[in-house]
Amino acid sequence: MDTDIAIVGGGLVGLAVAWGLLKLGQRVTVIDGADTTLSASRGNFGLVWVQGKGTRAPAYARWSQHAAGLWSGFASELQDATGIDLELQQDGGLDLHFSEDSLQEWVSKYEGLRDALGGDYPYEVLRGDDLRREEPEIGPKVVGGILHQQDGHVNPLRLLRALDGVVRNNGARVMTGANVETITKPDGFRLTLEDGATVTAGKVVLAAGLGSAKLGRELGFLAPVTPERGQILITEKLPKLIRRPSLIARQVGSGGVQIGATNETVGLNDDVTIKGIAQLASEAVAAYPILAQAQLLRSWGALRVMTPDGLPIYAESETMPGAYLITCHSGVTLASTHALLLPAWLVKNSKLRDLEVFGETRFAV
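Rules used throughout
Counting restarts for each chain, with residues numbered from 1 along the sequence as it is written. Only residues with pLDDT of at least 70 get local features here, since the model is predicted, and only at 80 or more are side-chain atom pairs given and counted; chain-wide, interface and lining totals rely on the full set of residues. Values reported for side chains reflect all heavy atoms of the structure, with hydrogen atoms and water molecules removed beforehand. In this analysis, strands are considered paired if DSSP registers two or more bridges between them. The secondary structure listing takes helices from DSSP runs of H or I that are at least 4 residues long and strands from runs of E that are at least 2 residues long, numbered from the N terminus. With axes taken as lines fitted to C-alpha atoms, and helix axes fitted only over the stretch in contact, angles between N-to-C directions fall between 0 and 180 degrees. Whether two residues are in contact is decided by their heavy atoms, any of which lying within 4.5 Å being enough. Side-chain atoms within 4.5 Å link the members of a nonpolar core, which is a set of buried Ala, Val, Leu, Ile, Met, Phe, Trp, Tyr and Cys residues. The buried label applies to any residue whose accessible area, calculated with a 1.4 Å probe on protein chains only, is under 20% of its type's maximum; exposed applies above 50%, and partly exposed to all values in between. Expected helix span is computed as 1.5 Å times (number of residues minus one). Note: the arc covers the axis-to-C-beta directions of the helix.

(A) The sheet that holds strand E6 (residues 144-148), seen in detail. Pairing in this open sheet of three strands is antiparallel, and the strands run E4-E6-E5 from one edge to the other. Bordering the open sheet on either side are strand E4 (93-97) and strand E5 (123-126), each of which pairs with just one other strand. Strand-to-strand, the axes of this sheet are offset by a mean angle of 20°, without reference to chain direction. As defined by bridge partners, E4 adjoins E6 across five bridges and the pair is classed as antiparallel. Across the sheet, residue Asp95 finds its bridge partner in E6, namely Ile146.

Okay, here's the thing in structure tokens:
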């Protein structure tokens, strides 16, 4: 065998898992596609986010909380290993609402979720002066916000660079610009690349985002992943305006304000549109009126990797044991668990609590 475990996909998910496997003594090969492949890792919003996740699936809320709780140690370890500051800030995040009905709807959901989690779901509702003491630039159109203390944000490009660096420095073979055409299992797994080269491995981890749909079916997975476009704007560098991230905007370390994101079902189209930009800008100015004076520098669109219920998939193939599918739309938030917890499952040293909830049997008709 060329390697113990071949990971198809060199984004946040694949690299986080690779780092964890290397620390367990596994020989790892990461096969990353060409620059033309659609990449969520380079276009996301950078949130480490718990609130709003798992309102109908408490196990997902618990998993997200677990990830958030691991993030500080995870970031410190990664920074120590690479010297790259991930710019992690994790002192809460805000979900802002423009109507009392909307605010109450989500408070009710969070109350139900807190009950389901035995009271372990820390949040508080802020209105009026209380909200504006926390965020002085919040405008009068915002009637209230939900502050969740476990939330935060990070520089996702630095995260990606750090994971790539630590994986390479710890001895992984990283093949870039390499597209996997087929995966077969004569004895171990044989991965045939677009240029005809092959890689043999004892196990395969499919973490290729939207590319997992085609390859997943070859390995016996349903792999029901679909794209959802998110457009994002970023302003010029500004003085400190936003203390905590919200789902509308966050201020990055360099001073720019990142505004996002849309949720659009448009197939594999990752274009930026006037309609999308206008929608984002309008909502951002409504929430933070001071942004009306800011200059926009750039915008981009990227495709999230969505499952039918929005939950991750962690599954081993029943027809080709040793092949695993890992996919999610929260690659930043879950990077800590993917690096620190999932690798032990992959080498069969432990079982993860509630992991079966994220298997593919939930999609069976």
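(B) Looking closely at the environment of Thr184. Examined against the element boundaries, Thr184 turns out to sit in strand E9 (residues 180-184). Considering only alpha carbons, one finds Thr184 and Ala61, 123 residues apart in sequence, at a separation of 36 Å. Those residues in contact with Thr184 that lie beyond four places of it in its chain are Phe189, Arg190 and Met320.

(C) Summary view of the nonpolar core. Counting 63 residues, the largest nonpolar core has Ile7, Trp71, Leu159 and Val167 as the members making the most contacts within it. Apart from the residues within four sequence positions on either side, Trp71 is in contact with Val48, Leu86, Leu88, Gln90, Val154, Leu159, Val332, Thr333, Ala335 and Ser336. Judged by nonpolar contacts, the second largest core, of 24 residues, contains Ala178, Phe189, Leu193 and Val204.

(D) Representation of the sheet that holds strand E14 (residues 256-260) in the model. Reading across the sheet, the four strands line up as E13-E14-E12-E15 and stay open at both edges, with antiparallel pairing between neighbours. At either end of the open sheet lies a strand with only one pairing partner, and these are strand E13 (249-251) and strand E15 (296-306). Neighbour-to-neighbour, the strand axes of this sheet turn through a mean angle of 25°, independent of strand direction. Relative to E14, strand E12 (residues 226-237) runs antiparallel, the two sharing four bridges. Along E14, the bridge assignment pairs Ile234 with Gln258. Most of the contacts of helix H7 (residues 274-287) go to E12, to which it runs at about 55°, and overall it touches E12, E14 and E15.

(E) A look at H7. Between its terminal C-alpha atoms H7 stretches 20 Å, which fits the 20 Å expected from 14 residues at 1.5 Å a residue. Those residues of H7 not exposed but buried are Gly276, Leu280, Ala284, Ala286 and Ala287. Along H7, the residues classed as buried sweep out an arc of 165° about the axis, all on the same side. Residues of H7 that are exposed and angled more than 90 degrees away from the buried face: Ile274, Lys275 and Ser282.

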